[in-house]
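Residue-level structural notes
Residues per chain are reported as follows:
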Amino acid sequence: MQPSEAAVRAVNLRKMYGSGEAAVTALGGVDLEVAHGSFLAVMGPSGSGKSTLMQTMAGLDSLDAGEVWIEGTNITRLRDRQLTRMRRDRIGFIFQSFNLIPTLTAEQNILLPLKIARQKQDKDWVSLVVKELGIGERLNHRPHELSGGQQQRVAIARAVMTQPAVVFADEPTGNLDSGSGTRILHLLRDMVSGLGQTVIMVTHDPKAASYADEVLILADGKTRETIQEPTQRAVLEALSRLEPDDSGDEEHTS
Ligand SMILES: Nc1ncnc2c1ncn2[C@@H]1O[C@H](COP(=O)(O)OP(=O)(O)OP(=O)(O)O)[C@@H](O)[C@H]1O
């Protein structure tokens, strides 16, 4: 792998659901490139293809056409077992619902990806991440003994444990109050700027998107706009430029 290589590259991603008259184009030819150590936010109205884009880039769902490269590997060409290994070792996930294992302590949850991948613990990395995320005091607690914000911090620590090529975050602040959400966004930013991780985040929130280095706006399965160094205002303006037909359902337009 060459150092200049992108962490993630997607070329002409296409995916349809259904067939005949019921066919829906979820992705109609999306290209993107995310450099190592950068933060991309994916936005767009409901049904614009954000989840499909994330799922296919993370190798969790298949494509009709197109290629996804994670570092130097074309994951669309991998066999199942190689793809599973790729996801386990090189991709991190953060979900809205935290997805921590309730019977394990915070520390056991954090270290689980290393165990599963049979990777040696890099003690310096573990303590750096724990310190950066401010969860040192909570390591022996189980998820139900943690606040939502603390659970999400543990989930972030877990996602970066294997120092993955990319972390996919699906509405990571969706289930948090605004104060905890803001702290999580700062921490994601720190993961990128301080620790050099690469993050791709789906969000409906222009404020969340403003923490990213770049925002990609999807509509009808196509890239409508990209915004570099986005401000909340620039994101809002770009969303308001989408045609009324693109605006999706009400809950996501607020
Ligand atoms: N399993 C499926 N079967 C049929 N159609 C699907 C399926 N999954 C998604 N779609 C359709 O594909 C399009 C893109 O869906 P997708 O979930 O990627 O959008 P989204 O931008 O993530 O939406 P939201 O913001 O509401 O989560 C939508 O029209 C959706 O109805």
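Going by what an unreviewed UniProt entry lists, the chain is known as ABC transporter ATP-binding protein and is assigned to Actinomyces lilanjuaniae.

1. What to know about the overall build of the chain
From N to C terminus, the chain includes 8 helices and 10 strands. Here the C-alpha atoms of the chain give a radius of gyration of 18 Å, agreeing with the 18 Å that 2.2 N^0.38 yields for 254 residues. Across the 254 residues of the chain, 39% fall into the buried class. In the chain, of all internal contacts separated by at least 6 residues, the share reaching a separation of at least 24 is 69%.

2. Examining helix H4 (residues 123-133)
Taken together, the buried positions of H4 are Val129, Val130 and Leu133. Projected down its long axis, H4 shows its buried positions confined to an angular sector of 100°, all on one face. Relative to its buried face, H4 has exposed residues pointing more than 90 degrees away, namely Lys123, Asp124, Ser127 and Lys131. With its phi angle positive at about 65°, Gly134 sits one or two positions after the end of H4.

3. Some points on the sheet that holds strand E1 (residues 8-17)
Read across the sheet, 4 strands follow the order E2-E1-E4-E5 without closing on themselves; strand pairing throughout is antiparallel. With one partner strand each, in any of the chains shown, strand E2 (24-34) and strand E5 (73-74) form the two edges of the open sheet. Across 5 bridges, E1 lies against strand E4 (residues 65-70) in antiparallel orientation. Within E4, the position partnered with Val11 by the bridge is Glu67.

4. A few points about the site of the ligand
Every one of the 13 residues lining the ligand counts as a neighbour, but Tyr17, Ala26, Ser46, Ser51 and Thr52 are closest to it. Put simply, the parts of the chain that give the shell around the ligand at least two residues each are E2 and helix H1 (50-57). It is H1 that contributes the most residues to the shell around the ligand, 3 residues altogether. A per-class count over the shell around the ligand returns 3 nonpolar, 9 polar and 1 charged.

5. Considering the nonpolar core
Within the largest apolar cluster, 68 residues are counted, with the highest numbers of intra-cluster contacts made by Val42, Ile156, Ala157, Val166 and Leu188. Contacts of Ala157, omitting those with residues within four sequence positions, involve Ile110, Val129, Val130, Leu133 and Ile135.

6. Side note on the pairing of strand E7 (residues 166-170)
The element E7 is largely enclosed, with a buried count of 5 among its 5 residues. Neither face of E7 is exposed, since Val166, Phe168 and Asp170 on one face and Val167 and Ala169 on the opposite face are all buried. Bridging between strand E6 (residues 91-94) and E7 involves 4 bridges; their strand directions are parallel. Paired with Phe93 across the bridge in E7 is Phe168. Where E7 meets strand E8 (residues 199-202), 4 bridges bridge the pair, whose relative direction is parallel. Considered in E8, the bridge of Phe168 is made with Ile200. Viewed along the sheet, the connection from E7 through helix H6 (residues 178-193) into E8 turns out right-handed.

7. A short note on unusual backbone geometry
With the exception of glycine, the majority of residues adopt a negative phi angle, and the majority of peptide bonds are in the trans configuration. A positive phi angle is found at Asn12, which is not glycine, with a value near 50°. Structurally, the position occupied by Asn12 is in strand E1. Its identity is not glycine, yet Asp220 carries a phi of approximately 50°, on the positive side. By the element assignment, Asp220 lies in the loop between strand E9 (214-219) and strand E10 (222-228).

8. A look at the environment of Ala10
Inspection of the secondary structure assignment puts Ala10 in strand E1. Judged by C-beta crowding, with 22 C-beta atoms within 10 Å, Ala10 ranks as buried. Here the alpha-carbon distance between Ala10 and Glu67, two residues 57 residues apart in the chain, equals 5.8 Å. Apart from residues no more than four positions distant in its own chain, Ala10 is found in contact with Val30, Asp31, Leu32, Met57, Gly66 and Val68.

9. A look at the pairing of E9
Judged by how many residues are buried, E9 sits mostly within the fold: 5 of 6 residues are covered. Across 4 bridges, strand E3 (residues 39-43) lies against E9 in parallel orientation. In the sheet register, Ala41 faces E9, and the bridge partner there is Val215. Alignment of E9 against E10, held across 6 bridges, turns out to be antiparallel.

Conventions used here
Residues numbered from 1 in each chain as written. Predicted model: local features only at pLDDT ≥ 70, side-chain atom pairs only at ≥ 80, totals over all residues. Helix = DSSP H or I, 4+ residues; strand = E, 2+ residues; numbered from the N terminus. Rg over C-alpha atoms; globule rule 2.2 N^0.38 Å. Buried ≥ 20, exposed ≤ 12 C-beta atoms within 10 Å, placed from the backbone. Contact = placed C-beta atoms within 7 Å. Arc of directions from axis to C-beta. Pairing = 2+ DSSP bridges. Near = placed C-beta within 6 Å. Nonpolar A, V, L, I, M, F, W, Y, C, P; charged D, E, K, R; others polar. Core = buried A, V, L, I, M, F, W, Y, C linked by C-beta atoms within 7 Å. Right-handed = clockwise from strand over helix to strand, strands pointing away.

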